[in-house]
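Single-letter residue listing:
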Amino acid sequence: MTFPELAAPTSQPYSEQSGPGAPQSWTVGVANAKYHWYDLVAGFPPAPDIRDPIGRYQRRMQFELEAASAQRHLFFAVIRPRVRFDIKGAVQWGFFSLKLTLPLLMGADEARESITIELKVPFAATMKKPTVTLTPNFVTLNWGGLIEAFSVHDILQTHAHALKIPSKVVYVGQTRDDDARLGKGRLPALQRLHAQHSEHFDTLLLVQQLEIQVSCADGDPADAAHNADPVAADALQETRMELIEAALVSYFEGASARSRTAEQRTLRAARLAALQAQHNLTQYTIDLHYEDAGRYNYLCSEHVASARQHLLSCFIADGQAMVAAMPPPAKPGKT
């Protein structure tokens, strides 16, 4: 059984000794998450020149995505309206400060905007104020003893601004892939999405390491002796990622999940039914919020309103991931 559009390979039962056992419920949270600008690796770009600060930035991003391909993580393909630095615009400094105003071009019509950021002098700097160079995608700051490179999305994600720009999830997938196609821009589903959206939108990848807490009278199967073997532990983690991925696909992409073929949906339904029975999984809760995502911590989709936190109650029925959004818990001191 194969899922051609998934980065993860076909899974195997995680242990011959495992059985349905006691009922399980899971609580799933985000341990770590990071954005990567997918457009920089899409379309088979030339190999970056690591002697150049921008080239080093791009190669470092490729290394991080290649490392993620060896892990059981999930990713969202997120589109945002196209944004570029205006290389013909003026770069302005504040009086007696390191406040820097950078010109922007927003959207397909390239409306002029700007963002003001306040720089901090890095430890290795030999100049009090850097030389600023703009390309459409990057700003470089030459401090003399150090050159920093930031993408336009790094700037918008990190620094405060009043621009209202939605982050829309269009695809949910797994990072695990022995061929590391994600970092090479060669995953077919993302190639199609990029071709569909690249004229008016930027595509980013939100790579997420998840943590799973298991409630079960028999304890967490991950702690069982027969799952101590690395191969069995990895297979167990893979099946868990499949169930979590299915719920997030249903939530963000909708029941039809147009990015998946009818054959894929049929195969997935059979697989989910088997996994639910194998784990005796009664219910699982997924809590998505991103403490370190800066100004990119709100997510929406065609089916989901924009929110900083998405709290989901999930279960498997007839091979389908059933998902209901729950209100976030009240903050302390509020009723």
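Residues numbered from 1 in each chain as written. Predicted model: local features only at pLDDT ≥ 70, side-chain atom pairs only at ≥ 80, totals over all residues. Heavy atoms only, no water.

## Observations concerning the overall build of the protein
Argument step 1. Each helix and strand counted, the protein has six helices and 14 strands in total.
Argument step 2. For a compact globule of 335 residues, the expected C-alpha radius of gyration is about 20 Å, and the protein comes in at 22 Å, within 12% of that figure.
Argument step 3. Taken along its principal axes, the extent of the C-alpha atoms in the protein is 70 × 50 × 40 Å.
Argument step 4. Counting every position in the protein, which comprises 335 residues, the buried fraction comes to 48%.
Argument step 5. A separation threshold of at least 6 residues defines the contact pool for the protein, and within that pool the share at least 24 residues apart is 72%.
Argument step 6. Counting every atom, the protein has about 16800 Å² of accessible surface; 53% of that belongs to carbon and sulfur.
Argument step 7. Seen as two clouds, the 32 positive and the 35 negative side-chain charges of the protein have centres 8 Å apart. (Helix = DSSP H or I, 4+ residues; strand = E, 2+ residues; numbered from the N terminus. Rg over C-alpha atoms; globule rule 2.2 N^0.38 Å. Buried < 20%, exposed > 50% of the residue type's maximum accessible area, 1.4 Å probe, protein only. Contact = heavy atoms within 4.5 Å. Areas by Shrake-Rupley, 256 points an atom, 1.4 Å probe, with all protein chains shown as cover. Lys, Arg positive; Asp, Glu negative; His and termini not counted. Charge placed at Lys NZ, Arg CZ, Asp CG, Glu CD.)

## Some details on the pattern of salt bridges
Argument step 1. Taken as a whole and judged by the stated rule, the model has 12 salt bridges.
Argument step 2. With a shortest N-O distance of 3.0 Å, Asp49 and Arg51 are connected by a salt bridge.
Argument step 3. Given a relative accessible area of 34%, Asp49 falls into the partly exposed group.
Argument step 4. Asp178 is the partner of Arg176 in a salt bridge, and the nearest nitrogen-oxygen pair spans 2.4 Å.
Argument step 5. Given a relative accessible area of 17%, Arg176 falls into the buried group. (Salt bridge = Lys/Arg side-chain N within 4 Å of Asp/Glu carboxyl O.)

## Description of the nonpolar core
Argument step 1. Phe76, Leu190, Ile244, Leu248, Tyr284 and Ile286 are the most contacted members of the largest nonpolar core, which totals 84 residues.
Argument step 2. Look past the residues within four positions of Ile286 in its chain and what remains in contact with it is Val28, Ile244, Ala247, Leu248, His310, Leu311, Leu312 and Cys314. (Core = buried A, V, L, I, M, F, W, Y, C linked by side-chain atoms within 4.5 Å.)

## Considerations on the packing of aromatic side chains
Argument step 1. For the structure shown, the criterion picks out six aromatic pairs.
Argument step 2. Seen from their ring centres, Tyr251 and Phe252 are 4.8 Å apart, and the 80° between their planes marks the pair as edge-to-face.
Argument step 3. Residue classification places Tyr251 among the buried residues on the basis of a relative accessible area of 14%.
Argument step 4. Exposure remark for Phe252: the relative accessible area of 1% places this residue in the buried category.
Argument step 5. Through a chain of ring-to-ring contacts, three or more aromatic side chains come together here, namely Phe76, Tyr251 and Phe252.
Argument step 6. Over the aromatic face of Phe63 sits the side chain of Arg59, whose NZ or CZ is 4.0 Å from the ring centroid. (Phe/Tyr/Trp six-rings, centres within 6.5 Å; stacked < 30°, edge-to-face > 60°. Lys NZ or Arg CZ within 6 Å of the ring centre and 35° of its normal.)

## Quick word on the sheet that holds strand E14 (residues 320-326)
Argument step 1. Taking strand neighbours across the sheet as the criterion, the seven strands line up as E10-E2-E11-E1-E12-E13-E14 in an open arrangement whose pairing is mixed. Edge positions in the sheet fall to strand E10 (168-174) and E14, since each has one partner strand and no second. Strand after strand, the sheet turns through a mean of 25° between neighbouring axes, direction not considered.
Argument step 2. The pairing of strand E2 (residues 74-81) with E10 spans six bridges and is classified as antiparallel. Directly across from Leu74, in E10, lies its bridge partner Gln174.
Argument step 3. Its contacts with the sheet put helix H5 (residues 230-253) on strand E1 (24-37), E2, E10, strand E11 (201-216), strand E12 (281-289), strand E13 (309-317) and E14, and the angle it makes with E10 is roughly 160°. (Pairing = 2+ DSSP bridges. Axes fitted to C-alpha atoms, helices over the stretch in contact; angles between N-to-C directions.)

## Focus on helix H4 (residues 188-197)
Argument step 1. Every buried residue of H4 is listed here: Ala189, Leu190, Leu193, His194 and His197. Axial view of H4: buried residues confined to an arc of 130°, hence all on one face.
Argument step 2. Buried residues along H4 sit in contact with E2, E10, helix H3 (181-184) and E11. (Arc of directions from axis to C-beta.)

## Some details on helix H6 (residues 262-279)
Argument step 1. Here H6 is 18 residues long and its end C-alpha atoms lie 26 Å apart, about the 26 Å a rise of 1.5 Å per residue gives.
Argument step 2. Along its buried surface, H6 packs onto E1, H5, E12, E13 and E14. (Expected span 1.5 Å × (residues − 1).)

## Here's the deal with the pairing of E13
Argument step 1. When E12 meets E13, the two strands line up antiparallel, connected through six bridges. Residue pairing in the sheet places Thr285 in a bridge with Ser313 of E13.
Argument step 2. Pairing of E13 with E14 involves seven bridges; the strand directions are antiparallel. Opposite Ala317, over in E14, you have Gln320 as the bridge partner.

## Things to note about the packing of H5 against H6
Argument step 1. Across the interface, H5 lies against H6 with an axial gap of 10 Å and an inter-helix angle of 120°. Put simply, H5 runs oblique to H6. The handedness of the crossing between H5 and H6 comes out as left-handed. Residues Leu236, Thr239, Arg240, Glu242, Leu243, Glu245 and Ala246 of H5 touch H6, and the partners they reach there are Arg268, Arg271, Leu272, Leu275 and His279.
Argument step 2. Across the contact of H5 with H6, the residue classes tally to five nonpolar, two polar and five charged. (Parallel < 35°, antiparallel > 145°, perpendicular 65-115°, else oblique. Left-handed = near helix turned anticlockwise from the far one by under 90°. Nonpolar A, V, L, I, M, F, W, Y, C, P; charged D, E, K, R; others polar.)

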